[in-house]
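Fold and contact review
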Amino acid sequence: MPHLPPHLPPPRTPGSYRIALVCLGNICRSPTAHVVLEHRLADAGLDDRVEVASSGTGGWHVGNPMDERAAATLTTAGYDPTRHRARQYDTTWPEAYDLVLVMDEANLADVGGRTERIGMFRDLDPIDPGGEVPDPYYGGTDGFEEVLAMVERTSDAIVHALPDTLEPPARDHA
């Protein structure tokens, strides 16, 4: 059964799009989504028009690399997690980004709740929309693999929706 592409809010700047991904500490879920979404955007030829950032609502891990288990899961799947350094969410992001996607209900509350430009990452999940991305931090390897599967299919849905959301770049008709 084909899935309709998710609705994304319009770009603030025609021809480009900015997406922010948010979890609690920015060492597991949001950086996994960041790495995968950037990879998928590059594969689709959209990486020059779509910017991705990630952060955590808490500041405990600022400057640290991704959780080793999350990084290992990404590496095994063919992604490069080495560039990630944790950052803390900035309250200006809802005005600076076209779309802010959080991983769970607590993150949603931390960023001020749902708006046209703030929602749950899995709102865009084509198989099981509307749920949370579970925090794998206190569990085993299987939790990181489950998160990766959710992130990959949701990232694919986002990438699929972006061409219709992005306006074509302005052309010089001189």
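Heads up: the structure comes first, above all this text.
1. Some thoughts on the packing of helix H1 (residues 29-43) against helix H5 (residues 141-165)
Here H1 crosses H5 at 45°, and the two axes come no closer than 9 Å. Relative to H5, the element H1 is oriented oblique. As for how H1 packs across H5, the hand of that crossing is right-handed. Packed against H1, whose contacting residues are Arg29, Thr32, Ala33, Val36, Leu37, Arg40 and Leu41, the element H5 presents Val147, Leu148, Val151, Glu152, Ser155, Asp156, Ile158, Val159 and Leu162 at the interface. When the residues that make up the contact of H1 with H5 are grouped by side-chain class, the tally is 10 nonpolar, 2 polar and 4 charged.

2. Quick notes on the side chain of Ser30
Along the polypeptide, Ser30 turns up in helix H1. For Ser30, the side chain forms a polar contact with the main-chain oxygen of Ser55, separated by 3.3 Å. Non-local contacts of Ser30, meaning those with residues more than four positions away in its chain, are made with Leu21, Val22, Cys23, Ser54, Ser55 and Met103.

3. Describing the packing of aromatic side chains
Summed over the entire model, instances satisfying the criterion amount to 3 aromatic pairs. On the numbers, 5.7 Å between centres and 70° between planes, the contact of Tyr89 with Trp93 is edge-to-face. The same class applies to Tyr89 and to Trp93, which are both buried. The interplanar angle of 85° and the centroid separation of 4.8 Å between the aromatic rings of Tyr137 and Tyr138 together place this pair among those described as edge-to-face.

4. Some remarks on the sheet that holds strand E2 (residues 50-56)
Here 4 strands make up an open sheet; going across it, the order is E2-E1-E3-E4 and the pairing parallel. The sheet terminates laterally at E2 and strand E4 (118-120), the two strands that pair on one side only. The average undirected angle you get between the axes of adjacent strands in this sheet is 25°. Pairing analysis gives 7 bridges linking strand E1 (residues 17-23) to E2, with the strands arranged parallel.

5. Here we look at the side chain of Ser54
Position of Ser54 among the secondary structure elements: in strand E2. Exposure remark for Ser54: the relative accessible area of 2% places this residue in the buried category. In this structure the side chain of Ser54 is engaged in a polar contact, spanning 3.0 Å, whose partner is the side chain of Asn26. Among the polar contacts listed, one links the side chain of Ser54 to the side chain of His34, at a separation of 3.0 Å. The contact partners of Ser54, leaving out residues within four places of it in the chain, are Leu21, Asn26, Ser30, Pro31, His34, His84, Arg87 and Trp93.

6. Here we look at H1
Because an α-helix packs 3.6 residues into every turn, residues spaced three or four apart end up facing the same way. Along its 15 residues, H1 runs 21 Å from first to last C-alpha, staying within 8% of the 21 Å computed at 1.5 Å per residue. Most of H1 is tucked away: 11 of the 15 residues are buried. Residues Arg29, Ser30, Pro31, Thr32, Ala33, His34, Val35, Val36, Leu37, Arg40 and Leu41 constitute the buried set of H1. Its buried side turned inward, H1 meets E1, E2, helix H2 (68-76), helix H4 (105-110) and H5. Gly45 lies just past H1 and shows a positive phi near 75°.

7. What about the pairing of strand E3 (residues 99-102)?
Here E3 shows a buried face lined by Leu99 and Leu101 and a second buried face lined by Val100 and Val102. Bridge count between E1 and E3: 4 bridges; the pairing is parallel. Bridging from a neighbouring strand, Ile19 pairs with Leu99 of E3. Between the parallel pair E3 and E4, the chain is carried across by H4, and the sense of this crossover is right-handed.

8. Observations regarding the pattern of salt bridges
In the structure shown here, the tally under the stated rule is 11 salt bridges. With its nearest N and O atoms 3.0 Å apart, the salt bridge here joins Asp67 to Arg69. The partly exposed category is assigned to Arg69, whose relative accessible area is 30%. Measuring nitrogen to oxygen at the nearest pair gives 3.9 Å for the salt bridge that ties Arg117 to Asp98. One end of the pair, Arg117, is in the loop between H4 and E4; the other, Asp98, is in the loop between helix H3 (93-96) and E3, and 19 residues separate them in sequence.

Conventions adopted
Residues numbered from 1 in each chain as written. Predicted model: local features only at pLDDT ≥ 70, side-chain atom pairs only at ≥ 80, totals over all residues. Heavy atoms only, no water. Axes fitted to C-alpha atoms, helices over the stretch in contact; angles between N-to-C directions. Helix = DSSP H or I, 4+ residues; strand = E, 2+ residues; numbered from the N terminus. Parallel < 35°, antiparallel > 145°, perpendicular 65-115°, else oblique. Left-handed = near helix turned anticlockwise from the far one by under 90°. Contact = heavy atoms within 4.5 Å. Nonpolar A, V, L, I, M, F, W, Y, C, P; charged D, E, K, R; others polar. Polar contact = N/O pair within 3.5 Å; in protein donor to acceptor, adjacent residues only side chain to side chain. Phe/Tyr/Trp six-rings, centres within 6.5 Å; stacked < 30°, edge-to-face > 60°. Buried < 20%, exposed > 50% of the residue type's maximum accessible area, 1.4 Å probe, protein only. Pairing = 2+ DSSP bridges. Expected span 1.5 Å × (residues − 1). Right-handed = clockwise from strand over helix to strand, strands pointing away. Salt bridge = Lys/Arg side-chain N within 4 Å of Asp/Glu carboxyl O.

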